[in-house]
Amino acid sequence: MATLRDIKQRIRAVENIRKITKAMQLVAAAKLTRAQSRAHSLRPFADELDRLLGGLAGGGIEELADAPIEFTFVPGEQPLHTTLGHIFSQHEVRRPGIVVVTSDRGLCGAFNANLIREAHNFMRTHSEMDCKLITIGKKGYTFFRRRSTPILYHRVGVSDRLELDEIREITGRLLELYVKGEVDALYFIYARSIRAALYKVTTQKFMSIPPVEGGTTDDTYIIEPGRDELFANLIPLFATSQVLSVLADSFASAYGAQMTAMQQATKNADEKLNDLVIERNRQRQAVITKELAEIVGGAEALK
């Protein structure tokens, strides 16, 4: 049985833990507000670009299927060369690349475990394919590396400020894997933020621009200098906006999960603290009662 001194030490330890969890909850709540606002504001832009490119692709993209296109994301690097037909082709997928977006830190409940589980389910469901793994975030990278799972590309330490140069570098690397044929499709597995404490694990195909039937033609939009030049500028913009939107959602979801986890941890600390205080008071009362009994007993013996 714990002594009164042991209980007092445990009370001090739980109080210190509660201070830490409460502080982390407040910090996560403050970061969540900013991250969620950014995530929700980015979605309309990415959705409109998707609609625009799909409409343009539906207006006679076959004529430009062999048109060469080049783009670069990081100044000074070699541009990527491909064709519009390769970007818009709806071919059979044999080597999918799975981009698992996790957080760099823990203390956010089952957030990372849910994402890793979804990645395992994807690979199990598509076991007949040659799945390639790509990780963004330390938790996912550490998990798969410890299990000797081959990782095609990984990135850790992405800033929650979502610096544009960093996003462009990640986007360029992902598109490079696709253009060079190391993967023939890319799928993001990430947490899509719904509201403060709620997210949904989502699988989304990257650079999926299916041509819209009866889409936009040159008679609907006046395109200058031409559609091929327009695609050369819009496709990198669309790819960057998709990666930016996915990472913004992931950060918002991670902060929401961390806030919820720390809120629950603070609640558990309060309950434990109450139990320890009750136990301390019970033992203190027992000690006082015992001392009073000894005093009364001694006084009776002196009579």
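Before reading further, recall that the structure is shown in the block above.
Quick caveat, the model's predicted, so the values are computed rather than measured.

Conventions used here
- Residues numbered from 1 in each chain as written.
- Predicted model: local features only at pLDDT ≥ 70, side-chain atom pairs only at ≥ 80, totals over all residues.
- Heavy atoms only, no water.
- Helix = DSSP H or I, 4+ residues; strand = E, 2+ residues; numbered from the N terminus.
- Rg over C-alpha atoms; globule rule 2.2 N^0.38 Å.
- Lys, Arg positive; Asp, Glu negative; His and termini not counted.
- Charge placed at Lys NZ, Arg CZ, Asp CG, Glu CD.
- Patch = residues over 30% accessible without salt bridge, like charges linked within 9 Å, V, L, I, M, F, W, Y side chains within 5 Å.
- Areas by Shrake-Rupley, 256 points an atom, 1.4 Å probe, with all protein chains shown as cover.
- Salt bridge = Lys/Arg side-chain N within 4 Å of Asp/Glu carboxyl O.
- Buried < 20%, exposed > 50% of the residue type's maximum accessible area, 1.4 Å probe, protein only.
- Pairing = 2+ DSSP bridges.

> Quick rundown of the overall build of the protein? Include the residues and the values.
Secondary structure summary: the protein contains 6 helices and 7 strands in total. In the protein, the succession of helices and strands from N to C terminus is α-β-β-α-β-α-β-α-β-α-β-β-α. Compactness check: the protein gives a C-alpha radius of gyration of 29 Å against a globular reference of 19 Å for 303 residues, more than 25% above the reference. Its C-alpha atoms give the protein principal-axis dimensions of roughly 115 × 40 × 35 Å. Positive and negative charge centroids in the protein, built from 40 and 37 side chains respectively, lie 15 Å apart.

> Now, about a positive patch on the surface: what can you tell me, with residues and values included?
Taken together, the side chains of Lys 138, Lys 139, Arg 145, Arg 146 and Arg 147 make up a positively charged region of the molecular surface. Relative to the helices and strands, Arg 146 resides in helix H4 (residues 138-146). By relative accessible area, Arg 146 is classed as exposed at 67%.

> Tell me about the pairing of strand E5 (residues 151-155), and please be specific about residues and values.
Of the pairings in the sheet, the one linking strand E4 (residues 132-136) to E5 comprises 4 bridges and is parallel in character. Bridge pairing in E5 links Ile 134 to Tyr 153.

> Account for the pattern of salt bridges, naming residues and giving values.
Considering all chains together, one arrives at 10 salt bridges under this definition. Asp 270 serves as the salt-bridge partner of Arg 18, at 2.3 Å between the closest nitrogen and oxygen. Of this pair, Arg 18 sits in helix H1 (residues 4-58) while Asp 270 sits in helix H6 (residues 227-302), placing them 252 residues apart in sequence. Residue Asp 270 is classed as partly exposed on the basis of its relative accessible area of 27%. Across the salt bridge formed by Glu 169 and Arg 155, the nearest N and O atoms sit 3.6 Å from each other. Remark: Arg 155 occurs in strand E5 and Glu 169 occurs in helix H5 (residues 164-179); sequence separation between them is 14 residues. Residue classification places Glu 169 among the partly exposed residues on the basis of a relative accessible area of 37%.

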